[in-house]
Amino acid sequence: MPLALLALAVGAFGIGTTEFVMMGLLPDVADDLHISIPTAGHLVSAYALGVVVGAPLLAAATARMSRRTVLIALMVLFIAGNALSAVAPGEVSLLAARFVSGLPHGAFFGVGAVVATGMVAPERKARSVSLMFLGLTVANIVGVPAATAVGQHLGWRATFLGVSAIGVAATAALAALIPRDHAPAPTTGLRGELAALRSLPVWLALGTTVAGFGALFAAYSYITPMLTDAAGFAEASVTLLLALFGVGATAGNLLGGRLADHSLRGTLFGGLASLVLVLALFPLLMRTEATAAVAVALLGMAAFITGSPLQLMVMEKASAAPSLASSANQAAFNLANAGGAWIGGLTLAAGFGTTSPALAGAALAVLGLAVAATAYAVDRRRAATPDTGRERVVAGHVPETAETVRR
């Protein structure tokens, strides 16, 4: 694996840290700005909105630029957003800064995935994506707890200055390690990039991401009350248990990348099926501290097994414009975050019990399996369509082959 993947992983580490650290800093930010915790929660939503807006727009706007240049520019925007967060004088300015911080998130992972797969042999593409995502999962083990501790002892503004410093290190690594001649400017342009999103297989892949990761966030958004109220853990233990989730996610991410290089479709189906099983067993596993700890790790593993396969599948379905489609997959991930949390909250509001969000997540994972199965059926039907002597092109990408359908 090329050393340049390390630069992408460092950038992913910084992005993952700033995305999730706000959850742990909400009480400190609320106290400092004299706002309520629910109001401070809008800072989480502002970042997610920035991801959803920025992912397709920035990817499309930079379609003709060198991908190396795009990655460096996105990381500079990331630094600016976090630096503005550190000096924001009030709630409105901090909301704006968090929105700016989220803008480069999706495009960085989208363009980064294209760069990562372009530097390795075809049989190592999924593994290269998983190594880039490694920075995101490790952030949940090391970055978020460390940044939260810094915020609690030195103030939340120091946290965002620290994240900006990570961005500076990532920018230097990208400039030093991504080859200048690695990715010339694409020739498809904005129109070619947008044409990729007209493809039904692309939308089915994006739908699988929304349903599959919506299943994760339906449960994970309410993991703290499950651990304290159902399993009986003390609140002080939750941080360590969330790091255990990061360990599971890291293992699942690496395992998913390795397996997907052998069978992309099989890994996707297997990951979603395991997610259904883990979430369905959550009410039972949350009855004791030991089994609850295991459940948290298994949740991270089952969910992130599907990360690399989904990213690679979207890129394959939009092979003429992978940057935009890959970035759109990151927007879909954040829609899953918001939608899954909302659905999980509905079950709690309805009085179905502390562990009911996990069962809602299991239902969403079943939906993800159904969408993935539909995508597979569509691919098989298109591959079985007799050729008429002309190359069949769908939405600007290459025709399906027996090999891509098998994967």
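Up top is the structure.
Parameters at a glance
- Residues numbered from 1 in each chain as written.
- Predicted model: local features only at pLDDT ≥ 70, side-chain atom pairs only at ≥ 80, totals over all residues.
- Heavy atoms only, no water.
- Helix = DSSP H or I, 4+ residues; strand = E, 2+ residues; numbered from the N terminus.
- Buried < 20%, exposed > 50% of the residue type's maximum accessible area, 1.4 Å probe, protein only.
- Contact = heavy atoms within 4.5 Å.
- Salt bridge = Lys/Arg side-chain N within 4 Å of Asp/Glu carboxyl O.
- 1 Å grid on protein atoms, 1.4 Å probe; cavity = no way out; pocket = protein on both sides within 12 Å on 5 of 7 lines; lining within 4 Å.
- Points joined across faces, edges and corners; volume = space filled by probe spheres on them.
- Nonpolar A, V, L, I, M, F, W, Y, C, P; charged D, E, K, R; others polar.
- Phe/Tyr/Trp six-rings, centres within 6.5 Å; stacked < 30°, edge-to-face > 60°.
- Core = buried A, V, L, I, M, F, W, Y, C linked by side-chain atoms within 4.5 Å.
- Patch = residues over 30% accessible without salt bridge, like charges linked within 9 Å, V, L, I, M, F, W, Y side chains within 5 Å.
- Areas by Shrake-Rupley, 256 points an atom, 1.4 Å probe, with all protein chains shown as cover.
- Axes fitted to C-alpha atoms, helices over the stretch in contact; angles between N-to-C directions.
- Parallel < 35°, antiparallel > 145°, perpendicular 65-115°, else oblique.
- Left-handed = near helix turned anticlockwise from the far one by under 90°.

Peer 1: Mind showing me how you'd approach the overall build of the protein here?
Peer 2: Looking only at helices and strands, one finds 17 helices and zero strands in the protein. A total of 407 residues make up the protein; the buried ones form 55% of that total. Once local pairs closer than 6 in sequence are excluded, the contacts in the protein between residues at least 24 apart make up 84%.

Peer 1: How do you make sense of the pattern of salt bridges when you look at a structure like this?
Peer 2: Close approach of charged atoms allows side chains with opposite charge to pair. All chains considered together, the criterion is met by four salt bridges. Among the ionic pairs, Asp-379 bridges to Arg-265, the shortest N-O distance being 2.6 Å. A residue pair is termed long-range when its members are at least 10 positions apart, and Asp-379 in helix H16 (residues 356–384) and Arg-265 in helix H12 (residues 264–285) qualify at 114 residues. Exposure class is identical for Asp-379 and Arg-265. Each is buried. Looking at Asp-379, the relative accessible area reads 0%, which means it is buried. Several salt bridges converge on common partners, so that one network encompasses Arg-265, Lys-317 and Asp-379.

Peer 1: Even after reading the chapter, I still don't get the layout of surface pockets, so can you show me in this structure?
Peer 2: Empty space left among the atoms is revealed by rolling a probe the size of a water molecule over them. Taken as a whole, the largest pocket spans an internal volume of roughly 1200 Å³. Elements that contribute at least two residues to the lining of the largest pocket include exactly helix H1 (4–33), helix H3 (42–61), helix H6 (125–154), helix H9 (200–220), helix H10 (223–230), helix H11 (238–260) and helix H15 (322–349). No other element matches H1, which puts seven residues into the lining of the largest pocket. Per-class residue counts for the lining of the largest pocket are 22 nonpolar, 11 polar and two charged.

Peer 1: So what exactly am I meant to see when it comes to the packing of aromatic side chains here?
Peer 2: Centre distance and the angle of the planes are the two values used to describe a pair of aromatic rings. Scanning the entire structure with this criterion turns up nine aromatic pairs. A centroid spacing of 5.5 Å and a plane angle of 85° characterise the contact between Phe-217 and Phe-333, whose relative ring orientation is edge-to-face. One end of the pair, Phe-217, is in helix H9; the other, Phe-333, is in helix H15, with 116 residues separating them in the sequence. Judged by relative accessible area, which is 5%, Phe-217 ranks as buried. Between Phe-245 and Phe-304, the ring centres sit 6.5 Å apart and the planes meet at 75°, which makes this aromatic pair edge-to-face. Within this pair, whereas Phe-245 is found in helix H11, its partner Phe-304 is found in helix H13 (residues 289–304), the two being separated by 59 residues in sequence. According to the relative accessible area criterion, Phe-245 is buried, its value standing at 4%. A network of ring pairs unites the aromatic residues Phe-213, Phe-217, Tyr-220, Phe-245, Phe-304 and Phe-333 as a single cluster.

Peer 1: I tried to follow the nonpolar core on my own but got confused; where do I start?
Peer 2: The tendency in soluble globular proteins is for nonpolar side chains to be buried side by side. Ranked by internal contacts, the top residues of the largest apolar core, which has 58 residues, are Leu-216, Phe-282 and Met-286. Ignoring any residue separated from it by four or fewer positions in sequence, one finds Met-286 in contact with Ile-223, Met-226, Leu-227, Ala-230, Ala-231, Ala-292, Ala-295, Val-296 and Thr-355. If you look at the next biggest cluster of nonpolar residues, it comprises 35 residues, including Leu-5, Leu-71, Met-75 and Ala-107.

Peer 1: Quick question: what am I supposed to make of the side chain of Ser-327 here?
Peer 2: With respect to the helices and strands, Ser-327 occurs in helix H15. Residues in contact with Ser-327, not counting those within four places in the same chain, are Ala-55, Ala-59, Gly-106, Ala-107, Gly-110 and Val-111.

Peer 1: I tried to follow empty space enclosed by the protein on my own but got confused; where do I start?
Peer 2: On inspection of all chains with the given rule, the structure shows four cavities of 30 Å³ or more. One number sums up the size of the largest cavity: a volume of about 170 Å³. What lines the largest cavity is a set of 16 residues, and nearest its centre among them are Phe-133, Leu-136, Phe-213, Gln-330 and Phe-333. Of all elements in the fold, only helix H5 (91–118), H6, H9, helix H14 (307–317) and H15 reach the threshold of two or more residues within the lining of the largest cavity. Among the elements that line the lining of the largest cavity, the one with the most residues is H14, at four residues. Considered class by class, the residues forming the lining of the largest cavity number seven nonpolar, eight polar and one charged. Approximately 80 Å³ is the volume attributed to the second largest cavity. Taken together, Phe-20, Leu-136, Asn-140, Leu-216, Phe-217, Tyr-220, Phe-245, Phe-304 and Phe-333 make up the lining of the second largest cavity. Counting residues per element, the ones that place at least two in the lining of the second largest cavity are H6 and H9. Of the residues assigned to the lining of the second largest cavity, the class counts are eight nonpolar, one polar and no charged.

Peer 1: Where do I start with a nonpolar patch on the surface in this structure?
Peer 2: Taken together, the side chains of Leu-49, Val-53 and Leu-57 make up a nonpolar region of the molecular surface, amounting to roughly 260 Å² of accessible area. Tracing the sequence through the fold places Leu-49 in helix H3. Note on Leu-49: relative accessible area 47%, which makes it partly exposed.

Peer 1: Quick question: what am I supposed to make of the packing of H15 against H16 here?
Peer 2: The description of two packed helices rests on the angle between their axes and on the distance between the axes. Where H15 meets H16, the axes come as close as 8 Å, and the angle between the chain directions of the two elements is 135°. As the angle between them shows, H15 and H16 are arranged oblique. Regarding H15 and H16, the two cross each other, and that crossing is right-handed. In this structure, H15 contributes Ile-343, Gly-344, Thr-347 and Leu-348 to the contact, and H16 contributes Ser-356, Pro-357, Ala-360 and Leu-364.

Peer 1: When you look at the environment of Leu-254 in this model, what are you seeing that I'm missing?
Peer 2: Turning to its location among the elements, Leu-254 is positioned in helix H11. Distance in space between the C-alpha atoms of Leu-254 and Gly-307 is 9.7 Å, their sequence separation being 53 residues. Other than its neighbours up to four places away in sequence, Leu-254 contacts Ser-130, Leu-131 and Leu-134.

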